[in-house]
Amino acid sequence: MTVEIPDPADLTVVDTDVAVVGSGGAGLMCVLHVKDAAPELDVTVVSKGAVGRSGCTRMVQGGYNAVLDPADSVDLHLRDTLEGGKFLNDQELAHTLVTDAPKVIHELETRVGCFFDRGPDGRIHQKAFAGQQFDRTVHRGDLTGIEIMGRLRDQMFRVLPSELEDVRALDLVLDADGELTGLTALDVRTGKALLIRARVVVVATGGSATMYRIAAPAREKTGDGVAMCWRAGLPLRDMEMLQFHPTGLLADQARMTGAVLEEGLRGAGAYLFNAVGERYMARYDAERMERSTRDVVSRAGYTEIMAGRGTSAGGVLIDISHLGKAEVERLFPGMVERTRQIGQDLATGPVEVSPTAHFHMGGVLIDRDCRTELAGLLVAGEDSGGTHGANRLGGNGVAESTVFGARAGDTAVAEVVGRALREPDRAQVAASLARTYAPLSRTSGETPFPLTAELKDAMWLGCGVVRDGAGLRDCLGKIGELTARLEHVAVPGPAQVNYGWQEALDLANQLAVARAVVVSALHREESRGAHYRSDFPEQDDAQWSQYVVLRGNAEVETHQVQHTRLSPEEVS
Ligand SMILES: Cc1cc2nc3c(=O)[nH]c(=O)nc-3n(C[C@H](O)[C@H](O)[C@H](O)COP(=O)(O)OP(=O)(O)OC[C@H]3O[C@@H](n4cnc5c(N)ncnc54)[C@H](O)[C@@H]3O)c2cc1C
């Protein structure tokens, strides 16, 4: 059964003041801020997954960094963030993050209704997290994200935005003068396309690190927002900066493979062993051992596995059972539960883990108020680039999504003033529909699933934890080949709930983002933070205090990092 490409004139049109694409921490904080400041505005949430129950904010385990203790300071949090980011950060974004985070934590408690753990003195408990000179990570046990997203979801029943659930954004659409008019979208359940006309669009689809063989993020995050913005001509920065978490679960073909066992485990004294029983961190960081930073521990695990000292499933082992079953169950209930679901048990013995693709520091260029180069288009959360530089600190991710989500909401309220609904350029709508429906309209061709698997393998080996020029070039060639093959993919109808079709659409975006990652990684001929080149193993500040920007058809620019708040010399 083939499905015809719809005519733009036949699309259902949804008109709204503010379209918020994505319903994670950034998306829902944005909605809340718009509706609380301007209840008269019509806000439409477009969400590929369930509203408030999809994305990665709800997966946050460790917690949220915010300066609350008078003995701590935003200057110290900024310094930790810039040192963690290897001074590649946009310092104004990083400064905004650390300045707003305490306000947003109070807002989450007092207005949104979150409960965070408190100490015996009644104050919010803040725990230690790697790379920070002060214990500033706010948490609710090891299920902090569920607490935040559950309460934000409750707030939606109060402010009542229009919700388009299981609807995926496809493309931004401009008018004939190049002004933003809204977006095309696809209702996954019905297979019908929509045209959403909006005065302001906020993109908050949560980036992606899912184009790797082993990956932690929610499956629905396939780089859609970043790819959509790139196709619309917006510049991307720091795309080579992809963070690997050292301890992702290994559960064969199960979805749980890649799910993170959080850093707190290593902080609490867990050991890492290879398959021959060595505590291998002694070879890589004898002083800090398992408490070394994410990039070092990930590289160590990857090197052990590639050197043949991994388990038969291609992993290493993490063991915290020496603390005793009851204590592990008390400290890490969520993680214990997760390991038991796959037939292992963190409380009583070692668990198999591997480095796992975790978080994308790169994304769309924004300013402090989430504005982009395109008037009326705002980007917030993991879809944006610059806040974290070359490496994100644990605890700064959910802070970023809620801080910048809130700011995007405030900016949207200001931005709608004077912006009318506009008529989209019909040719752009037609092109978006043609691209989207092409796989459904073909009668024969391969399915997208093996192509996705090939992309994930190519990225894992060619542009993963350890990279080099030859591997990156091979990987780029493979991405080109897969992009060409995707042009011939066929997904038998019907259009309703068609997983093959959704896979093909996901893959198109993953290929675009993967290309941006590899091109940027090839360009940066040094090692910095999450980007490690075995052919350029040193950090080269003389040459590379620069960030990489991609425009158009992957044209590369480099720009000097502006140390507007703190220079590396001041902390050395
Ligand atoms: C396992 C794990 C643990 C983590 N733990 C921590 C932690 O302890 N502390 C910390 O600070 N950070 C942590 N992070 C990082 C943190 O989760 C992210 O930084 C943050 O949640 C991103 O928020 P977001 O709002 O940008 O995106 P998300 O919360 O991921 O939301 C993305 C939304 O976009 C929607 N979407 C995707 N594509 C489309 C589309 N085409 N159209 C419409 N909607 C779309 C999704 O359905 C979802 O609703 C963790 C990440 C993972 C994966």
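Refer to the structure printed above.
Residues numbered from 1 in each chain as written. Predicted model: local features only at pLDDT ≥ 70, side-chain atom pairs only at ≥ 80, totals over all residues. Heavy atoms only, no water.

A.B. asks: I'd love a proper account of helix H9 (residues 333–341), names of residues and values included.
C.D. replies: Within the sequence span of H9, burial applies to Gly334, Met335, Val336, Arg338 and Thr339. Looking at the buried residues of H9, the elements they touch are strand S11 (242–249), helix H6 (264–267), helix H8 (325–331) and strand S14 (351–360). Glycine 343 lies just past H9 and shows a positive phi near 80°. (Buried < 20%, exposed > 50% of the residue type's maximum accessible area, 1.4 Å probe, protein only. Helix = DSSP H or I, 4+ residues; strand = E, 2+ residues; numbered from the N terminus. Contact = heavy atoms within 4.5 Å.)

A.B. asks: I'd like to hear about the sheet that holds strand S10 (residues 236–237), residue by residue, with values.
C.D. replies: Taken in spatial order, the five strands of this open sheet run S17-S15-S10-S18-S19, and their pairing is mixed. Strands with a single pairing partner mark the edges of an open sheet, and in this sheet they are strand S17 (384–385) and strand S19 (555–560). Pairing analysis gives two bridges linking strand S15 (residues 363–365) to S17, with the strands arranged parallel. When the bridges of S17 are listed, leucine 365 appears paired with glycine 385. (Pairing = 2+ DSSP bridges.)

A.B. asks: Account for the site of the ligand, with residues named and values stated.
C.D. replies: As a structural note, the neighbourhood of the ligand is formed by 41 residues, with Ser54, Cys56, Thr57, Asp224 and Val398 the closest of them. A distance of 3.3 Å separates an oxygen atom of the ligand from a polar backbone atom of glycine 25. Between the ligand and lysine 221, the relevant distance is 2.8 Å, taken from an oxygen atom to a side-chain nitrogen or oxygen of the residue. For the ligand, whose unbound accessible area comes to 1000 Å², protein coverage reaches 98%. (Near = heavy atom within 4 Å. Polar contact = N/O pair within 3.5 Å; in protein donor to acceptor, adjacent residues only side chain to side chain. Areas by Shrake-Rupley, 256 points an atom, 1.4 Å probe, with all protein chains shown as cover.)

A.B. asks: Describe in detail the packing of aromatic side chains, supporting the description with residues and values.
C.D. replies: The relative placement of two aromatic rings is captured by the distance of their centres and the angle of their planes. Per the stated rule, a full pass over the model turns up six aromatic pairs. Summarising the aromatic geometry, the rings of phenylalanine 244 and tryptophan 460 are spaced 6.0 Å apart at their centres and angled 65° between planes, so their arrangement reads as edge-to-face. Here phenylalanine 244 is found in strand S11, whereas its partner tryptophan 460 is found in helix H12 (residues 449–462), with 216 residues between them in sequence. Taken as a pair, phenylalanine 244 and tryptophan 460 share a single burial class, namely buried. Among the aromatic residues, ring-to-ring pairing joins Tyr212, Phe244, Tyr302 and Trp460 into one connected group. Note that arginine 237 overlies the ring of tyrosine 547, its terminal NZ or CZ placed 3.8 Å from the centroid. (Phe/Tyr/Trp six-rings, centres within 6.5 Å; stacked < 30°, edge-to-face > 60°. Lys NZ or Arg CZ within 6 Å of the ring centre and 35° of its normal.)

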